[in-house]
Amino acid sequence: MRHLFNRGFYKPMGVSGDTLREALLELRPEIYGSIADEKVELNGLLYVIERLPIGIEECRYITLTSDEGYSKSHFVPIVPPKRKRNCYRIDHEQMNVEITRGRSDIYDILTHLTFIFIESHKIKDKVLLDENNNEVTRDWLKLEQVVLQNKKLSQTDKEKAISHCANILGRSFSEILDIYDGFGTKEKPDRFLHVIYWLGKLAIEEVLDNNKRTITFSPILRERLGHHIHGEIWANNIKKTLQVNNLLQRPIHIISANMHSVMNSIFANGILATKYKGKHEYAVYEDLSESKNNDLRKKVVEHAIKMGMIELPDTSGTNIDVQIFDTAKIDWSKTNFINVKPAKNAPVIIVMDYAFGEQAFETIDELLKPYKVNKEKHFLNVDSVSIMGKAGILEGGKGDIMIPCAHVNEGTADNYPFENELTKEQFNGNGIPVYAGPMITVLGTSLQNKDLLKFFHESTWQAIGLEMEGAYYQKAIQSASKIRKSINPNVKVRYAYYASDNPLETGSTLASGGLGTTGVKPTYLITIKILEQIFNSK
């Protein structure tokens, strides 16, 4: 992959893409399901399409760029529903994808694109009868007719089109019907048909016209990659906000989580207690996680801001939003932590949204550096760093909890043991299975190969799960605390993950769908345990 990047461009279905293509087919990652079979993989295709910009299936030319000023142009950014990245449709043939989250982002996109291109050639193989005479199947002609008329389909027409698709994809009518709406949007409810058609069409043209799809890396991206440009801007924005609010010298606790669990854990029960009286303790969190309950969420946010929460929407390009909680301004009688005693030097909590892969090192590394003002260094008084996230579990099921004692980098076996302030015993008695042991930090979800994961789980590594950021977080924390001495050498660390999938279990991979409300209890249980330790710290 490094060779392709240095080269500046490559053709995924040409000679230059052979190595990556063959590696994916041999590895057979679990999220890509039946990638090596003749039939088209539907769940994997949906998983990937949700993480790529709408319309990319129509584009022959895909350019990966840095943040190069397209936000100031007339181009409207396209943000995939399941990945925060700005993309721009330059013309009918070209899509630009902004890379601001490092090498993990590039790896993620390239493997996903390679997967959909492999699937597109399966479609081509099914419908192209004679390359010399451009002869295609009747099913393909019928699908083309439906897609090009570009109008909303009646139920009858939709089912006719699905019937033709079933023959093209080697899938049953019911299999396609089950996944059909997952591809749809409000504007394009029949997008599934468009995706299949355009993938097949470009694959056919690659064979008939030798007009291969091309992925290009912009010169600016190649120059900037690895330089911490976005992470430095992001970290300085946080430190400047701390300084402006006279919080720079206070004890600081950093939490990597989402943008709701810490806020809701502190404030939700306090202001919504009457509404949820008599209901189980996680009912309020389940309702807050429902997309329809905007008014409920707004009420909590407004209350949190009154109680000293500062919101920092990202402007740096990292796509990592931040919340800062000045606990000195919190009226604890109106929170879920009524026994907390106000401290003279009350802690400040910095909550950062999830980093992506290697970006975890860039952001935490920059955040833990001293803040320079007029050539004067201000060292941050960091008491703890806590990481709460989703991960794949190798023993157990979705919604279970993992407490790591070390992070091991796959590929290099670089390992980072640490003393976790969270323990398995602290979570006992809550009705959720808990596992403790080392965890593997993988380069991307496409590394979820059964044989590889079984090795890590069953060998002396005894890994309990896999995720994408842990080793990078710990590398940054250790270098700042033990080598650079920019933060407390005895800084506390907390890591806990809840299982989003089990890649060793058929039907429980990432491509099988989200957790729904199953993830609510472990998310908030972990968050509350972290906050209890922070508020009880002296």
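Here, the structure is the one placed above.
Described in the following lines is the structure provided in the data block. The residue numbering used here restarts from 1 in each chain and proceeds along that chain's sequence as written. Residue-level local features of this predicted model are given only where pLDDT is at least 70; pairs of side-chain atoms are given and counted only at 80 or more, and the full residue set underlies all totals for whole chains, interfaces and linings. The basis for every side-chain value is the complete set of heavy atoms in the structure, and neither hydrogens nor water enter the calculation.

Here's the deal with the overall build of the chain
So, point 1. A tally of regular secondary structure across the chain gives 17 helices and 19 strands.
So, point 2. Judged by the C-alpha coordinates and their principal axes, the chain covers about 80 × 55 × 55 Å.
So, point 3. Per-residue and other accessible areas follow the Shrake-Rupley method at a 1.4 Å probe size, with only the shown protein chains counted as cover for residues. As displayed, the chain offers around 23,800 Å² of accessible surface, 47% of which is attributable to carbon and sulfur atoms. Strands here mean DSSP runs of E at least two residues long; helices mean DSSP runs of H or I at least four residues long; both are numbered from the N terminus.

Focus on helix α14 (residues 359–367)
So, point 1. Counted residue by residue, α14 has nine buried out of nine residues, so it is predominantly covered.
So, point 2. In this scheme, a residue with accessible area under 20% of its type's maximum is buried, one over 50% is exposed, and one in between is partly exposed, where area comes from a 1.4 Å probe on protein chains only. When α14 is considered as a whole, its buried residues turn out to be Gln359, Ala360, Phe361, Glu362, Thr363, Ile364, Asp365, Glu366 and Leu367.
So, point 3. Residue contacts follow a heavy-atom distance rule, with two residues in contact if any of their heavy atoms lie within 4.5 Å. Those residues of α14 that are buried are in contact with α10 (229–244), β8 (252–256), β11 (348–352) and α16 (470–483).

Regarding the packing of α10 against α14
So, point 1. Between α10 and α14, the shortest axis-to-axis distance is 8 Å and the interhelical angle comes to 40°. It follows from the interaxial angle that α10 and α14 lie oblique. Considering the relative orientation of α10 and α14, their crossing is right-handed. Of the residues in α14, those touching α10 at Ile229, His230, Gly231, Glu232, Trp234, Ala235, Ile238 and Lys239 are Glu362, Thr363, Glu366 and Leu367.
So, point 2. Looking at the contact of α10 with α14 residue by residue, the classes come out as five nonpolar, three polar and four charged. All axes are obtained by fitting lines to C-alpha atoms, using only the stretch in contact for helices, and the reported angles, taken between N-to-C directions, cover 0 to 180 degrees. Oblique is the label for any angle not covered by the other classes, which are roughly parallel (under 35 degrees), roughly antiparallel (over 145) and roughly perpendicular (65 to 115). Crossings are sorted by hand: turned counterclockwise from the far helix by less than a right angle, the near helix makes the crossing left-handed, and turned clockwise it makes it right-handed. Residue polarity is assigned by list, with Asp, Glu, Lys and Arg as charged and Ala, Val, Leu, Ile, Met, Phe, Trp, Tyr, Cys and Pro as nonpolar; anything else, Gly included, falls into the polar class.

Concerning the side chain of Glu57
So, point 1. Along the chain, Glu57 turns up in the loop between α3 (42–49) and β2 (61–65).
So, point 2. Among the residues examined, Glu57 registers a relative accessible area of 3% and is labelled buried.
So, point 3. Non-local contacts of Glu57, meaning those with residues more than four positions away in its chain, are made with Arg191, His194, Val195, Trp198, Leu199 and Leu202.

Remarks on the pattern of salt bridges
So, point 1. Basic side-chain nitrogens of Lys or Arg form a salt bridge, by our definition, when they fall within 4 Å of a carboxyl oxygen of Asp or Glu. Taken as a whole and assessed by the stated rule, the structure comprises 24 salt bridges.
So, point 2. One salt bridge connects Glu50 with Arg51, and the closest N-O pair in it is separated by 3.6 Å.
So, point 3. By relative accessible area, Arg51 is classed as buried at 11%.
So, point 4. Two residues, Arg103 and Glu358, come together in a salt bridge whose shortest N-O distance is 3.0 Å. With a gap of 255 residues between them, Arg103 in helix α4 (residues 103–127) and Glu358 in the loop between β11 and α14 connect regions that are remote in the sequence.
So, point 5. Accessibility expressed as a relative area gives 45% for Arg103, which makes it partly exposed.
So, point 6. Salt bridges linked by common partners bring Arg60, Glu93, Lys201 and Glu205 together as one network.

Remarks on the environment of Cys59
So, point 1. Among the structural elements, Cys59 can be located in the loop between α3 and β2.
So, point 2. By relative accessible area, which is 1% here, Cys59 ends up buried.
So, point 3. Separated by 439 residues in the primary sequence, Cys59 and Tyr498 have C-alpha atoms spaced 37 Å apart.

A short note on the packing of aromatic side chains
So, point 1. Between 30 and 60 degrees the pair is tilted, below 30 it is stacked and above 60 it is edge-to-face, where a pair is any two Phe, Tyr or Trp rings, Trp via its six-membered ring, whose centres lie within 6.5 Å. According to the stated counting rule, one finds 15 aromatic pairs in the structure shown.
So, point 2. With 5.2 Å between their ring centres and 20° between their planes, Trp140 and Tyr197 make a pair best called stacked. Of this pair, Trp140 sits in helix α5 (residues 138–149) while Tyr197 sits in helix α8 (residues 191–208), placing them 57 residues apart in sequence. Like Tyr197, Trp140 is buried.
So, point 3. In textbook terms, an aromatic cluster arises when at least three aromatic residues are bridged by ring pairs, as seen for Tyr70, Phe75 and Tyr88.

Side note on α3
So, point 1. For α3, the buried fraction is high: seven of the eight residues fall into the buried class.
So, point 2. In this structure, the buried residues of α3 make contact with α4, α6 (155–169), α7 (173–183) and α8.
So, point 3. Among the residues of α3, the N-terminal cap falls to Glu41, whose side-chain oxygen and the backbone nitrogen of Asn43 are separated by 3.3 Å. Any pair of nitrogen or oxygen atoms within 3.5 Å is treated as a polar contact; in protein, a donor-acceptor pairing is required on top of that, and neighbouring residues in sequence qualify only through side-chain atoms on both sides.

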